[in-house]
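Descriptive structure summary
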Amino acid sequence: MSRSAAIDRAARYLDSGGLLADLRRRVAVRTVSSEPQSGPALHDYLTREIAPQLARLGCVVRIVDNPVEGAAPFLLAHRHEDDALPTVLTYGHGDVVVTDEAEWGAGLRPWQVVVRGDRWYGRGTADNKGQHTINLAALEQVLAAREGRLGFNLKVLLDMAEEIGSPGLAEICAGLGDELSADVLIASDGMRVAAGRPTIFLGSRGEVDFTLRVHLRDEPYHSGNWGGLLRNPATVLATAVAALVDGRGRVLPAGLRPPALPDSLRRALAGICVDGGPGSPEIDMDWGGPELTPVERVFGWNTLEVLALGAGTPEAPTSAIPGRAVAHCQLRFVVGTDWSNVENVLREHLDGHGLTMVDVDVGQGVAATRVDPDNAWVRWTEASLRETTGAEPAILPNLGGTLPNAAFADTLGIPTIWVPHSYPGCAQHAPDEHLLTPLAHEALQIMAGVFWDLGDLGAHGNAWRERLERQWGSKDMRDDRTACTSAVGCVSPGRPHSRPPAQAPSAS
Ligand SMILES: [Zn+2]
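Residues numbered from 1 in each chain as written. Predicted model: local features only at pLDDT ≥ 70, side-chain atom pairs only at ≥ 80, totals over all residues.

1. Some remarks on the overall build of the protein
- A count of helices and strands for the protein gives 15 helices and 17 strands.
- Oriented by its inertia axes, the alpha-carbon framework of the protein measures out at about 85 × 50 × 45 Å.
- By the burial criterion, 47% of the 508 residues in the protein qualify as buried.
- Partitioning the contacts of the protein with sequence separation of at least 6, the portion at a separation of at least 24 is 81%. (Helix = DSSP H or I, 4+ residues; strand = E, 2+ residues; numbered from the N terminus. Buried ≥ 20, exposed ≤ 12 C-beta atoms within 10 Å, placed from the backbone. Contact = placed C-beta atoms within 7 Å.)

Okay, structure coming up:
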């Protein structure tokens, strides 16, 4: 059978109702990892849904207890064809985010797939049940098309606690390094830059949350009697926030800013635009690093956000100096930021501004990861997507959001290639989450193409590595970036994104 026949088989899985039937069952398993009573459902999803499919794929499957007490188990599987062949690790997560049924649109339900036009609604259709179901189905179709061979070795890791930070994932990857070792990770999660633009991302920004607290007194005091005599915690807190991020959204402490954008990153981002689809807010061009393009700000830079702040009772203010004030903040950061030192940086910066009375409480963070866009595996995947779709894929060195990718990129030490099958308007984590059928159709074709091409690479036997490097590793970097074809929410539709005109420096 040929590449195109394998791709057609994968597409037929959707056309014939196979994908919808599988998703209906999987969405109905209420796998909310943040709810303590979900334990049996999390386990059932692995044993009743994923394990039988992997057995059909000829995998040896085992359920592994989570090394973190009380956390959901993992599923590990492998299918070994030959030591000489490339080995791919794929990953997915079967857990979902909690949702309030009452907030879903009329007639829509989180635990039941409802079809409306080209949208399939249901919790997990986009994040991540739909995406790993597509990938496992593409593997099955390629296996059938190659008459019982893949032409590569396959390893699979299913996580049931991704939405609560993947407890135990780093430990599993460190402790079972041999069992999980691979030449490359190819997996799907997150979203494309736009529904119609096939996308590859190579890592993710990291995230660290922190809280600023100013607790000066247990009681509020009358502002007429005490105003001017007592330090106001709300004013102190506002000053602290302003010392960290300026009025144009720029991160101020040098220790919280990333190194300058590498040229390879700048080139990779030049043909991409930020397109949230219909209903997206308008981008503020003078915010967050006005000297950067919008796409550079999301994928190549750090952002410090105030998520919530409070003092007194905003709904019913009284004439009193509040006793305390609090701000919950978040730093999203790219590779090269010394994030493990965030607490010291914040402390020193605030002390330097005379704000010693502001307490800093730093939560657990997630590391940032990124693969060089010129890596041979990236170029190889890019070519595969281009051949299947005829479109120029968007390559994002890292996602703007956060994934547990450090377990693969750092702990296992393999290149990480993510091919997302969702889009910015998919409402993941929100009511009315959905999968777009045209996108799912193309995704099945894309993944069948990728897995077919991996088998072709394996046809070179022991020489596959050399072949990969020779053909894709030494390629001259292209500077002929494709024009952005998406008009919605795009700052410069129809042409490659150039840098915006320089802004006058801020007066402050
Ligand atoms: Zn999610």
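2. As for the sheet that holds strand S11 (residues 303-311)
- Across the sheet, which stays open at both edges, the four strands sit in the order S11-S13-S9-S14 with antiparallel pairing between neighbours. Strands with a single pairing partner mark the edges of an open sheet, and in this sheet they are S11 and strand S14 (359-366). For this sheet, the mean inter-axis angle between neighbouring strands, taken without regard to orientation, is 15°.
- Across the sheet, helix H11 (residues 342-352) lies against strand S9 (206-215), strand S13 (324-333) and S14, angled at about 155° from S14, the strand it touches most. (Pairing = 2+ DSSP bridges. Axes fitted to C-alpha atoms, helices over the stretch in contact; angles between N-to-C directions.)

3. Details of the sheet that holds strand S17 (residues 434-436)
- Spatial strand order, S4-S5-S17: three strands in an open sheet with antiparallel pairing. Edge positions in the sheet fall to strand S4 (114-116) and S17, since each has one partner strand and no second. Between one strand and the next, the sheet's axes are offset by a mean angle of 25°, whatever the strand orientation.
- The sheet strands contacting helix H14 (residues 437-458) are strand S5 (119-121) and S17, and the helix crosses S17 at an angle near 65°.

4. Some words on the domain arrangement of the protein
- Domain boundaries in the protein define domain 1 (3-204 + 369-472) and domain 2 (206-258 + 302-365).
- In this complex, domain 1 contributes four residues to the contact, which on the side of domain 2 involves four residues.
- Among the residues making up the side of domain 1 that touches domain 2, the classes are represented as no nonpolar, three polar and one charged. (Domains from an automatic or database assignment. Nonpolar A, V, L, I, M, F, W, Y, C, P; charged D, E, K, R; others polar.)

5. Focus: the packing of helix H1 (residues 3-15) against helix H4 (residues 129-145)
- Interhelical geometry of H1 versus H4 gives an angle of 135° and a closest axis separation of 9 Å. On the basis of the axis angle, H1 is oblique to H4. At the point where H1 passes H4, the crossing takes the right-handed sense. Facing Ala 5, Ala 6, Arg 9, Ala 10 and Tyr 13 of H1, the residues of H4 in contact are Ala 137, Ala 138, Gln 141, Val 142, Ala 144 and Ala 145.
- Taken together, the residues of the contact of H1 with H4 break down into nine nonpolar, one polar and one charged. (Parallel < 35°, antiparallel > 145°, perpendicular 65-115°, else oblique. Left-handed = near helix turned anticlockwise from the far one by under 90°.)

6. Some points on the packing of helix H12 (residues 376-389) against helix H15 (residues 464-473)
- Interaxial distance between H12 and H15 falls to 8 Å at its minimum, and their mutual angle equals 75°. On the basis of their axis angle, the class for H12 and H15 is roughly perpendicular. In this structure, H12 contributes Ala 376, Arg 379 and Trp 380 to the contact, and H15 contributes Leu 468, Glu 469, Trp 472 and Gly 473.
- Classifying every residue of the contact of H12 with H15 gives four nonpolar, one polar and two charged.

7. Examining H12
- Its 14 residues give H12 an end-to-end C-alpha distance of 20 Å, which sits within 8% of 20 Å, the value for a rise of 1.5 Å per residue.
- All of the buried residues along H12 are Ala 376, Trp 377, Val 378, Arg 379, Trp 380, Thr 381, Glu 382, Ser 384, Leu 385 and Thr 388.
- Directly after H12, the chain includes Gly 390, whose backbone phi takes a positive value near 75°. (Expected span 1.5 Å × (residues − 1).)

8. Considering helix H8 (residues 233-244)
- Here H8 spans 17 Å end to end across twelve residues, near enough to the 16 Å set by a 1.5 Å rise per residue.
- For H8, the elements touching its buried residues are S9, S11, S13 and H11.

9. A look at the confidence of the model for the protein
- Per-residue pLDDT for the protein averages 90, and the proportion of residues at 70 or more is 92%.
- The model gives residues 475-508 a pLDDT under 50, and that stretch makes 59 contacts with residues more than four places away or in other chains. (pLDDT = per-residue confidence, 0-100.)

10. Things to note about unusual backbone geometry
- Cis geometry is found at the peptide bond from Asp 127 to Asn 128, where omega equals 0°.
- Mapped onto the elements of the fold, Asn 128 is located in the loop between S5 and H4.
- A positive phi angle is found at Glu 147, which is not glycine, with a value near 55°.
- With respect to the element layout, Glu 147 can be found in the loop between H4 and strand S6 (153-159).
- Residue class for Glu 147 comes out exposed when judged on the 7 C-beta atoms lying within 10 Å of it.
- At Ala 427, a position not held by glycine, the phi torsion is positive, near 60°.
- Within the element layout of this structure, Ala 427 appears in the loop between strand S16 (416-418) and S17.

11. Description of the environment of Pro 36
- One can find Pro 36 in the loop between helix H2 (18-28) and helix H3 (39-56).
- Sequence separation between Pro 36 and Leu 157 is 121 residues; the distance between their C-alpha atoms is 22 Å.

12. What about the environment of His 441?
- Mapped onto the elements of the fold, His 441 is located in helix H14.
- Note: C-alpha distance between His 441 and Met 285 (156 residues apart in sequence) is 35 Å.

13. What to know about the environment of Leu 19
- Counting through the fold element by element, Leu 19 comes out in helix H2.
- Judged by C-beta crowding, with 24 C-beta atoms within 10 Å, Leu 19 ranks as buried.
- As a C-alpha pair, Leu 19 and Pro 415 span 396 residues in sequence and 29 Å in three-dimensional space.

14. Side note on the pairing of S9
- As paired strands, S9 and S13 are joined by ten bridges and run antiparallel to one another. Of the residues in S13, the one forming a bridge with Asp 209 is Gln 330.
- Of the pairings in the sheet, the one linking S9 to S14 comprises six bridges and is antiparallel in character. Bridging from a neighbouring strand, Thr 211 pairs with Asp 361 of S14.

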